[in-house]
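What follows is the residue order along each chain.
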Amino acid sequence: MTGDDRERAAAEFGEAVNMTPKELERWLETEESRSVGQKDGGGESTGHASGRRIVELLRTGRSDLTEDDYAHMRKVTGYVHRHLAQRPSGDVAGTPWRYSLMNWGHDPLK
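So, a few notes on the structure that sits alongside this text. Values in this document were obtained by computation on a predicted structure and should not be read as measured data.

This part covers the packing of aromatic side chains. Ring pairs (aromatic) are described by centroid distance and by the angle formed between their planes. Evaluated as defined, the whole model comprises two aromatic pairs. Aromatic pair Y79 and W104: ring centres 4.3 Å apart, planes at 20°, arrangement stacked. Here Y79, found in helix 5 (residues 67–84), pairs with W104, found in the segment after helix 6 (96–103); they are 25 residues apart in sequence, far enough to count as distant. Both residues of the pair, Y79 and W104, belong to the buried class.

Another point: the nonpolar core. Ranked by size, the top nonpolar core spans 25 residues in total, and within it F13, L24, W27, M73 and V76 carry the most contacts. Residue assignment for this core shows that the elements contributing at least two residues are helix 1 (3–16), helix 2 (21–28), helix 4 (46–58), helix 5 and helix 6. Counting residues per element, this core draws most heavily on helix 5, which supplies five residues. Sequence-distant contacts of L24, defined by excluding residues within four places in its chain, comprise M19, G51, I54, V55, M102, N103 and G105.

Thresholds, definitions, all that
- Residues numbered from 1 in each chain as written.
- Predicted model: local features only at pLDDT ≥ 70, side-chain atom pairs only at ≥ 80, totals over all residues.
- Heavy atoms only, no water.
- Phe/Tyr/Trp six-rings, centres within 6.5 Å; stacked < 30°, edge-to-face > 60°.
- Helix = DSSP H or I, 4+ residues; strand = E, 2+ residues; numbered from the N terminus.
- Buried < 20%, exposed > 50% of the residue type's maximum accessible area, 1.4 Å probe, protein only.
- Core = buried A, V, L, I, M, F, W, Y, C linked by side-chain atoms within 4.5 Å.
- Contact = heavy atoms within 4.5 Å.

Structure (C-alpha cells):
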C-alpha cells in the first residue's frame, strides 16, 4: 500500500466513522449492540468485534498504524457504504439496520 493509498484509506475511514471512541465504547456495552450481526458459533458478532477494533484505531496515532490497520479501515468504509445503500424506509431509530451500522462506528442519525 502506497502512502497515497494509506492517506485515502484514513480519510475515507474518517468520513465513514462518525462516532467518537467514547460513544462507540458506550454503544458496544449495550444489549442492542450485542443483539445484531452475524455470529460465528454463537459468540461475538463480526460487527461487534470490528467496533472494538475501530475504537483502537481511532486512538492510535497515524504513524503507529500497520498495513493490517489500514486494511481494516478499508473494510469498515466498504461495510458502511454498502449498508447505507440498503437503508430501510421509515423511522430507523430502533432498527437492527441502525444498530449494525453503529457497531461499525457509524450512526446514521448523526
